[in-house]
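Listed below are the residues making up each chain.
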2 protein chains.
Amino acid sequence: MSTFRGLQQPELSRKLSRLIKNENSAISAHESAGRERAAIAAALSEWGESTEDDAVSDISDKLGVMLAEMGEQEDIFAQNLEDYRGVLKHIRNMEASVQPSRDQRQKVTDEIAKLKYKDPTSTRLTTLEHELVRAEAQNLVAEAQLSNTTRTKLKEAFDLHTAAVIERAEKQIILARHARRLLNFIDDSPVVPGDTRKAYEHEMDARQVLEDTEADLRAWEPSVEPIPSSSVEAPTRVNHHAQVAEEEHDEESVTHATSGVTVGNAVPSSSKQVEEAVA
Amino acid sequence: MSTFRGLQQPELSRKLSRLIKNENSAISAHESAGRERAAIAAALSEWGESTEDDAVSDISDKLGVMLAEMGEQEDIFAQNLEDYRGVLKHIRNMEASVQPSRDQRQKVTDEIAKLKYKDPTSTRLTTLEHELVRAEAQNLVAEAQLSNTTRTKLKEAFDLHTAAVIERAEKQIILARHARRLLNFIDDSPVVPGDTRKAYEHEMDARQVLEDTEADLRAWEPSVEPIPSSSVEAPTRVNHHAQVAEEEHDEESVTHATSGVTVGNAVPSSSKQVEEAVA
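Residues numbered from 1 in each chain as written. Chains lettered and ligands numbered in written order. Predicted model: local features only at pLDDT ≥ 70, side-chain atom pairs only at ≥ 80, totals over all residues. Heavy atoms only, no water.

## Some details on the overall build of chain A
- A count of helices and strands for chain A gives six helices and zero strands.
- In chain A, the order of α-helices and β-strands from amino to carboxyl end is α-α-α-α-α-α.
- For chain A, restricting intrachain contacts to residue pairs at least 6 apart in sequence, the fraction spanning at least 24 positions comes to 83%.
- Carbon and sulfur atoms provide 50% of the accessible area of chain A, an area that totals close to 13500 Å². (Helix = DSSP H or I, 4+ residues; strand = E, 2+ residues; numbered from the N terminus. Contact = heavy atoms within 4.5 Å. Areas by Shrake-Rupley, 256 points an atom, 1.4 Å probe, with all protein chains shown as cover.)

## Some remarks on the environment of Gln104(B)
All names here are of chain B.
- With respect to the secondary-structure elements, Gln 104 resides in helix α3 (residues 54-118).
- Residues Gln 104 and Ala 135 lie 31 residues apart in sequence; the distance between their C-alpha atoms is 6.6 Å.
- With residues near it in sequence (within four places) discarded, Gln 104 still touches Glu 131 and Ala 135.

## Let's talk about the relation of the copies chain B and chain A
- Superposition record for chain B on chain A: RMSD 0.0 Å, screw rotation 180 degrees, translation along axis 0.0 Å. Such values leave the two copies arranged in the relation of a two-fold axis. Considering only C-alpha atoms, the residue of chain B closest to the rotation axis is Ala169(B), which sits at 2.2 Å.
- In this assembly the copies share their binding face: 100% of the residues contributing to the interface of chain B also contribute to that of chain A. (Least-squares fit on C-alpha atoms with pLDDT ≥ 70 in both.)

## Here's the deal with the packing of aromatic side chains
Residue and element names in this part refer to chain B.
- Enumeration over the complete set of coordinates arrives at two aromatic pairs over all chains.
- Both rings, one in Tyr 84 and one in Phe 158, keep their centres 5.3 Å apart while their planes meet at 65 degrees; by these two values the pair is edge-to-face. Within this pair, whereas Tyr 84 is found in helix α3, its partner Phe 158 is found in helix α4 (residues 124-183), the two being separated by 74 residues in sequence.
- Judged by its relative accessible area of 0%, Tyr 84 is buried.
- Residue class for Phe 158 comes out buried when judged on its relative accessible area of 1%. (Phe/Tyr/Trp six-rings, centres within 6.5 Å; stacked < 30°, edge-to-face > 60°. Buried < 20%, exposed > 50% of the residue type's maximum accessible area, 1.4 Å probe, protein only.)

## Here we look at unusual backbone geometry
- Of note, the phi angle at Glu52(A) is positive, near 55 degrees, even though the residue is not glycine.
- With respect to the secondary-structure elements, Glu52(A) resides in the loop between α2 (11-50) and α3 (54-118).

## Examining the packing of helix α4 (residues 124-183) of chain A against helix α5 (residues 203-219) of chain A
All names here are of chain A.
- Following both chains from N to C, one finds α4 and α5 inclined at 165 degrees, their axes separated by 10 Å at the closest point. Classified by the interaxial angle, the pair formed by α4 and α5 is roughly antiparallel. Between α4 and α5 lies a crossing whose hand is right-handed. Of the residues in α5, those touching α4 at Lys 171, Ile 174, Leu 175, His 178, Arg 181 and Leu 182 are Ala 206, Val 209, Asp 212, Thr 213, Asp 216 and Leu 217.
- By residue class, the composition of the contact of α4 with α5 is six nonpolar, two polar and four charged. (Axes fitted to C-alpha atoms, helices over the stretch in contact; angles between N-to-C directions. Parallel < 35°, antiparallel > 145°, perpendicular 65-115°, else oblique. Left-handed = near helix turned anticlockwise from the far one by under 90°. Nonpolar A, V, L, I, M, F, W, Y, C, P; charged D, E, K, R; others polar.)

## Regarding the interface of chain B and chain A
- Counting residues at the interface gives 83 residues for chain B, matched by 83 residues for chain A.
- Summed over both partners, the interface of chain B with chain A comes to about 7200 Å²; 64% of that surface belongs to carbon and sulfur atoms.
- Considering only the side of chain B, the residues that lose the most area to chain A are Trp47(B), Arg151(B) and Arg180(B), jointly responsible for 12% of the buried surface there.
- Seen at the junction of chain B and chain A, the total is 14 salt bridges.
- For the interface between chain B and chain A, the tally reads 36 residue pairs in polar contact (both at pLDDT 80 or more).
- Looking at the side of chain B that touches chain A, the elements that each hand over two or more residues are α2 (11-50), α3 and α4 of chain B.
- Looking at the side of chain B that touches chain A element by element, the count peaks at 27 residues for α4(B).
- Grouping the constituent residues of the side of chain B that touches chain A by class yields 42 nonpolar, 21 polar and 20 charged. (Buried area = accessible area lost by both parts, 1.4 Å probe. Salt bridge = Lys/Arg side-chain N within 4 Å of Asp/Glu carboxyl O. Polar contact = N/O pair within 3.5 Å; in protein donor to acceptor, adjacent residues only side chain to side chain.)

## Description of the environment of Asp75(B)
- In this structure, Asp75(B) sits in helix α3.
- Along the backbone, Asp75(B) and Lys15(B) are 60 residues apart, and their C-alpha atoms lie at a distance of 27 Å.

## Regarding the pattern of salt bridges
- Across all of its chains, the model carries 36 salt bridges over all chains by this definition.
- Ionic pairing is found between Arg168(B) and Glu74(A), a salt bridge with its closest N-O pair at 3.4 Å. In this pair, Arg168(B) sits in helix α4 while Glu74(A) sits in helix α3, so the two residues belong to two different chains.
- Taking the relative accessible area as the measure of exposure, Arg168(B) reaches 3% and is therefore buried.
- By relative accessible area, which is 3% here, Glu74(A) ends up buried.

As structure tokens, this is what we get:
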């Protein structure tokens, strides 16, 4: 059914419609990766407890906290991609709304040509030629709107997309680097059968690692340079002779900041896992 | 069927078996995200060409190159997680092989208790007590092996995992930051209907961005501190009285470096997309 819906798109918006659909699958894949990572985090902590080895139990529990937060970041990434996907839809909607205007101009042009051949003295020719002037004027506006929207929204979309990539990457680096510190608290010098291991003494150190991680995540701020835009967010207009239907623009339905700086639910929700573990 | 197989695992290795199965789903999700990203990259380039706008066409084509490389990095990440998953299997296999030794010790202990109650003068008691000493010795070795393998392989596994997270993140940051430079080459100042845009003049600049990206990816080196391990990679042995079956250890089947430094097909394959685009 959804394939059929894709095919129903006007020619002009078909390629972008397909891309938007692909993006939906990519987003689902990241969501699924985030969910699985959370499940693995829980399984790791449970397994560690079952080993009845204090060091393994404590470190695997705290690694679990880190993994859960990585999963959360993967999910936030998916949500941010959803925003970028929403911006691409503006271009697609504009493309879809420009198609009838192109079609109309073509239709009138064809009619005039046909009539000139069949009945060159027809009075309808004058009417059609007036109609063509109107259709051309309308199409001129439509094409300018399409060009403006395409350029502005393409910049905005990939501003969001790349900022989301960087946010996920920087936060997951914080998590992974601190997780590596935890690994050093596992003494893996071999024991001889019958020997008991030295008591595990790194519980406070490991706790400190979680606190450091939380602090670093809280302190994280986007470091991306804003992408300047010269767009004026109002619809492209022209003198008095062209009335353009506005309802297709869908400008109000999604409001986006044009700069990457405001992207993402930056700190509070993201450090939830770590906070809960420390609390 | 695969659920059933999970249930067939000895009690001791059941939790880790489940985690390893979850990890398989997570890996598939990242593979799928990588595949979708590559498809989106191709669709973006195609769409850009169809707009017949020189700036949009050139930039969307080069953004496509960046996205394809991000997808490639997602796929390399999935491959690296596969390595980490392989290391976890060592622990699971060791757990599975230790279970019979625990069971055997328990079985002999139970038999002795039963016999002492039913027939306290039985000569079989002496035989069973000798058997118990052997079973305990064997189990002592098995438990030491389990402890050594668990600690060493847990460190090794998450060394690989976290190094993979950092590699993907650092390389995708390189890609995203350069991709943002490309966006600035799109002039989105609004055009008035009927006006033509200034000619696109950033083709060489955009090309340079791809070359810079390629250079940065080539120059990338892992920055993680190695995780020191005190393990001796040989199986844990004890005097003469305990012979331990080695075939279950599966030590040879996967060989892993203990340090994260060697992780991943770092540069050559990863910058393939960008190289091809520049070539």
